[in-house]
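# Structure assessment
So you can see what is in the structure, the chains are spelled out below.
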Amino acid sequence: VMTPAGFPILPHHLLARYPDFNHLDYNAKPIGSGPYEVVRWNHGSQVDLVPNAYYYRGAPKIAHLMIRFVPDGTVAMNQLQTGEADGIFNDPNYGDYPLLRKIKGMSATATRIDGVGPVIYNTQDPITRDVRVRQALSYAIDARAVVAKAYRGALDSHDAGRGLFIWAYDPRAYGDLPYDPELAARLLSAAGWMRGPDGARRKDGRPLQLLMVLQSSAPYELVAAEEIAAYERAVGAVVTLKQYDVKLFASPVTLGGPVYGGKFQLALYPFLPGDDPDSTDQFACSNIPPNGYNKSRICDPRIDGLLAAGRATFDIAKRRAIYAELQHILREEMPLALLYQQREINVFTTRLHGQSTSLSGAFWNVGAWTLAR
């Protein structure tokens, strides 16, 4: 069974009779078949776990796991340095990576995962619905330089498409974004956005002004956004930045979310597409908000046809060919410009053995971990 990232399989015998899951005791003590079970969950504070006696591979060696929720990155790093904590997993602040690597007695890793960091274009907006504008805005960005400056060595821009298509990624179809400001300028002119004496572009007397939305809780995203705005300004486009609290940023249309509400031309929105190259949730016409996660709102019968064909077969070679064609179309239509493949930043005590991060995160093999005394 495949589900979008973040949506686990739920027990029918416990939950099927409830129309709303938001206020159930189950939420504080969920069940599962993994190596650990939840014994206590203080929301916003910590989760305590103990070995699952029924785990099919036998009881794990570590008798108690405590996962704390620490909203401040500086506090979390201090807890590592004092020994109060034995690790941090999935640190969202990529710029912390150089600092984490210097903490004695700890081992920091930055592992590629099935996630991407894109600039998403609103393909239903009056300005960015023009594919030439989307292409121009993409070619105006030096993705390599933006990623190097904003994320301080934790990320790179090479083969970013692998984070979206995993094993079906085709670098010939969906390779690195070229930095070509001259081509960007020609495309904007061809789209009717002409440069005036002041350097700004206008069409029918209207200036080329664009809104980029991003999360306020990610300081290094702001660095990236400011760099992108500077590159766009160099080709005559004025990009205004607007930050949102993460909860509002990712909220549905009904709660005023700017991305799912379509209140943007550009959005700096990292996301996890899942462990399979099927990207129906991101690009199908039927998944345009409020009906799904198609944040760019692209709707193309060619894309829908390829997505359906990819879901209809288990043949790996056929699926590779299908997704290669899809990647060609995505590069042509440019609903988003991929800046990087996401990495998961983890740091654990060197006393911990057996931990290795995979596409499924730091805890995929937690049942095999051991802790030296």
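Look up a bit, the structure's there.
Small disclaimer: the values here were computed from a predicted structure and weren't measured.

Calculation rules
- Residues numbered from 1 in each chain as written.
- Predicted model: local features only at pLDDT ≥ 70, side-chain atom pairs only at ≥ 80, totals over all residues.
- Heavy atoms only, no water.
- Buried < 20%, exposed > 50% of the residue type's maximum accessible area, 1.4 Å probe, protein only.
- Helix = DSSP H or I, 4+ residues; strand = E, 2+ residues; numbered from the N terminus.
- Arc of directions from axis to C-beta.
- Contact = heavy atoms within 4.5 Å.
- Polar contact = N/O pair within 3.5 Å; in protein donor to acceptor, adjacent residues only side chain to side chain.
- Pairing = 2+ DSSP bridges.
- Lys, Arg positive; Asp, Glu negative; His and termini not counted.
- Salt bridge = Lys/Arg side-chain N within 4 Å of Asp/Glu carboxyl O.
- Core = buried A, V, L, I, M, F, W, Y, C linked by side-chain atoms within 4.5 Å.
- Disulfide = S-S within 2.5 Å.
- Axes fitted to C-alpha atoms, helices over the stretch in contact; angles between N-to-C directions.
- Parallel < 35°, antiparallel > 145°, perpendicular 65-115°, else oblique.
- Left-handed = near helix turned anticlockwise from the far one by under 90°.
- Nonpolar A, V, L, I, M, F, W, Y, C, P; charged D, E, K, R; others polar.
- Patch = residues over 30% accessible without salt bridge, like charges linked within 9 Å, V, L, I, M, F, W, Y side chains within 5 Å.
- Areas by Shrake-Rupley, 256 points an atom, 1.4 Å probe, with all protein chains shown as cover.
- 1 Å grid on protein atoms, 1.4 Å probe; cavity = no way out; pocket = protein on both sides within 12 Å on 5 of 7 lines; lining within 4 Å.
- Points joined across faces, edges and corners; volume = space filled by probe spheres on them.

### Things to note about helix α11 (residues 301-311)
Counting along an α-helix, one turn takes 3.6 residues, and residues three or four places apart therefore face a common direction. Taken together, the buried positions of α11 are Ile303, Leu306, Leu307 and Gly310. Each buried residue of α11 sits inside an arc of 100° when the element is viewed along its axis, so together they form one side. Contacts from the buried residues of α11 go to α10 (280-283) and α12 (316-333). Between a side-chain oxygen at the N-terminus of α11 and the backbone nitrogen of Arg302 the separation is 2.8 Å; the capping residue is Asp300.

### Overview of the pairing of strand β2 (residues 46-51)
Alignment of strand β1 (residues 36-42) against β2, held across six bridges, turns out to be antiparallel. By the bridge assignment, Glu37 is partnered in β2 with Val50. Counting the residues that bridge the hairpin from β1 to β2 gives three residues, and of these Gly44 lies at a positive phi of roughly 85°. Pairing analysis gives four bridges linking β2 to strand β3 (residues 65-68), with the strands arranged antiparallel.

### Quick word on the side chain of Asp125
Tracing the sequence through the fold places Asp125 in the loop between β5 (106-121) and α4 (131-139). The side chain of Asp125 sits in the buried core without any salt bridge; Arg206 is the nearest counter-charge, 5.7 Å away. With near-sequence residues (within four places) excluded, Asp125 lies in contact with Phe264 and Gln265.

### Observations concerning the nonpolar core
Counting residues in hydrophobic clusters, the biggest one holds 56 residues, and the most contacted among them are Leu100, Val119, Tyr151, Leu268 and Leu339. Residue contacts for Leu339: discarding those within four places in its chain leaves Gly117, Pro118, Val119, Ile141, Ala143, Val147, Asp156, Ser157, Ala160, Ile228 and Leu268. Within the second largest apolar cluster, 30 residues are counted, among which are Ala160, Tyr174, Leu307 and Leu338.

### Some thoughts on helix α2 (residues 73-82)
Taken together, the buried positions of α2 are occupied by Ala76, Met77, Gln79 and Leu80. Considered in projection along α2, the buried side chains sweep an arc of 155° and stay on one side of the axis. Away from the buried face of α2 by more than 90 degrees, exposed residues Gln81 and Thr82 are located. Along its buried surface, α2 packs onto β3, β4 (87-88), α3 (97-100), β5 and β12 (336-349). Note on α2: the residue one or two positions beyond its end, Gly83, has a positive phi of about 85°.

### Details of the state of the cysteines
Under the criterion given, the structure shown has one disulfide. Across a sulfur-sulfur distance of 2.0 Å, Cys285 and Cys299 are joined as a disulfide pair. Judged by the sign of its S-S torsion, about 105°, the cystine formed by Cys285 and Cys299 is right-handed. A residue pair is termed long-range when its members are at least 10 positions apart, and Cys285 in the loop between α10 and α11 and Cys299 in the loop between α10 and α11 qualify at 14 residues.

### A word on the packing of α4 against helix α7 (residues 181-190)
With their axes 8 Å apart at the nearest point, α4 and α7 run at an angle of 160° to one another. Between α4 and α7, the angle is such that the two are roughly antiparallel. Along this stretch, α4 crosses α7, giving a crossing that reads as left-handed. Note on element contacts: α7 touches α4 through Pro181, Leu183, Ala184, Leu187, Leu188 and Ala190, opposite Arg132, Val133, Gln135, Ala136 and Tyr139. Classifying every residue of the contact of α4 with α7 by side-chain character gives nine nonpolar, one polar and one charged.

### Considerations on the sheet that holds strand β8 (residues 206-207)
Spatially, three strands are ordered β6-β7-β8 in an open sheet, and the strand pairing comes out antiparallel. Edge strands, defined here as strands with exactly one partner in the open sheet, are β6 (194-195) and β8. Inspection of the sheet shows β6 paired to strand β7 (residues 201-203) by two bridges, in the antiparallel sense. From the neighbouring strand, Met194 faces β7, where its bridge partner is Arg202.

### Overview of the sheet that holds β1
Strand order in the open sheet formed by three strands is β1-β2-β3, with antiparallel pairing between adjacent strands. If you trace the sheet from one side to the other, it starts and ends with β1 and β3, each paired once. Within the sheet, the average angular offset between the axes of one strand and its neighbour, ignoring direction, is 20°.

### Side note on the side chain of Asn93
For Asn93, the position within the fold is in the loop between β4 and α3. We classify Asn93 as buried; its relative accessible area is 16%. Excluding residues within four positions of it along the chain, Asn93 makes contact with Ser217, Ala218, Pro219 and Tyr220.

### Concerning a nonpolar patch on the surface
On the surface, a cluster of nonpolar side chains totalling about 240 Å² of accessible area is made up of Leu10, Tyr18 and Phe21. Of the residues examined, Tyr18 reaches a relative accessible area of 31% and is grouped as partly exposed.

### Let's talk about empty space enclosed by the protein
Under the counting rule described, the total for this entry stands at one cavity of 30 Å³ or more. Taken as a whole, the largest cavity spans an internal volume of roughly 30 Å³. Partitioned by chemical class, the residues of the lining of the largest cavity number five nonpolar, three polar and one charged.

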